[in-house]
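Fold and contact review
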Amino acid sequence: MPLGLLWLGLSLLGALHTRAQDSTPSLIPAPPLFRVPLQPNFQPDQFQGKWYIVGLAGNAFKKEEQGQFKMYTTTYELKEDRSYNVTSTLLRDGRCVHWIRTFVPSSRPGQFTLGNIKGFPGVQSYTVQVATTNYNQFAMVYFKKVYKNQEYFKTTLYGRTKELTPQLKENFIHFAKSLGLTDEYILFPVPIDQCIDDQ
């Protein structure tokens, strides 16, 4: 009898261990940067200004959260040293929240790293790359972050307006899938007026 209980206990322990492993998210691996397009002849002055986040895809998002994702904005302000002051404005818990950081240009035009990375505990590296843009209508931007030894990546579809053409949205879905993401990791935030139209 005690031996039977021991086996039962070990079986339960094994099942719990397996379940614990299953609940640890296994992230879709980030593609190497050389596989991500880079906007040719990137024009920093034309890229600055306010962008609406029309589409979002990444290895830490799930489509079932789509209704919870409200549209937000990101504004790029070019500084004299060619870096950007980047301000994201979002509605959170009924309040307007502003998140400010600096993107420092790398040796490749259109690619940036996070300035003052030490101010972001746990972040080991952070790369931003403008994959494609026509500056006055849309942009697709790739972000890769290593946080506590985990690689996270996302791509955003920026619009100068809240609505973009179905063709641009299709192009964005195609781009996200080329990075290894599937439909369940691609979402389109719900347009709102609060906060994001106040700038």
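Fair warning: this is a prediction, and the values are worked out from it, not measured in the lab. (Residues numbered from 1 in each chain as written. Predicted model: local features only at pLDDT ≥ 70, side-chain atom pairs only at ≥ 80, totals over all residues. Heavy atoms only, no water.)

Below, the discussion takes up the pairing of strand β3 (residues 84-92). Sheet analysis places strand β2 (residues 73-78) next to β3, joined by six bridges and oriented antiparallel. The residue bridging Thr73 from the neighbouring strand is Thr89, located in β3. Following β2, the chain reverses through five residues before pairing antiparallel with β3; Arg82 in that reversal takes a positive phi of roughly 75°. The pairing of β3 with strand β4 (residues 95-105) spans nine bridges and is classified as antiparallel. Bridge pairing links Val86 to Arg101 in β4. Remark: two residues form the turn of the hairpin made by β3 and β4, two consecutive strands paired antiparallel; Asp93 in that turn has positive phi of roughly 50°. (Pairing = 2+ DSSP bridges. Helix = DSSP H or I, 4+ residues; strand = E, 2+ residues; numbered from the N terminus.)

Of all ten residues in strand β1 (residues 49-58), eight are buried, a share of seventy percent or more. Pairing between β1 and β2: four bridges, direction antiparallel. Its bridge partner being in β2, Trp51 is matched across the sheet by Thr74. Note: β1 against strand β8 (residues 150-159), six bridges, orientation antiparallel. Along β8, the bridge assignment pairs Gly55 with Leu157. (Buried < 20%, exposed > 50% of the residue type's maximum accessible area, 1.4 Å probe, protein only.)

Glycine aside, residues mostly have negative phi angles, and peptide bonds mostly take the trans form. We note that Arg82 has phi near 75°; this positive angle belongs to a residue other than glycine. Within the fold, Arg82 resides in the loop between β2 and β3.

With that out of the way, let us pick up the packing of aromatic side chains. A complete count under the given rule lists 17 aromatic pairs for this structure. Look at Phe42 and Tyr135: their rings are 6.3 Å apart centre to centre, the planes differ by 45°, and that puts the pair in the tilted class. Placement of Phe42 in the loop between α1 (2-23) and α2 (44-47) and of Tyr135 in the loop between β6 (123-133) and β7 (138-147) is noted, with a sequence separation of 93 residues between them. Both residues of the pair, Phe42 and Tyr135, belong to the buried class. Ring geometry for Phe47 against Tyr158: centres 6.4 Å apart, planes inclined by 35°, an arrangement best described as tilted. Of this pair, Phe47 sits in helix α2 while Tyr158 is found in strand β8, placing the two residues 111 residues apart along the sequence. According to the relative accessible area criterion, Tyr158 is buried, its value standing at 2%. (Phe/Tyr/Trp six-rings, centres within 6.5 Å; stacked < 30°, edge-to-face > 60°.)

Take it as geometry only, folks, not as evidence of what the structure does.
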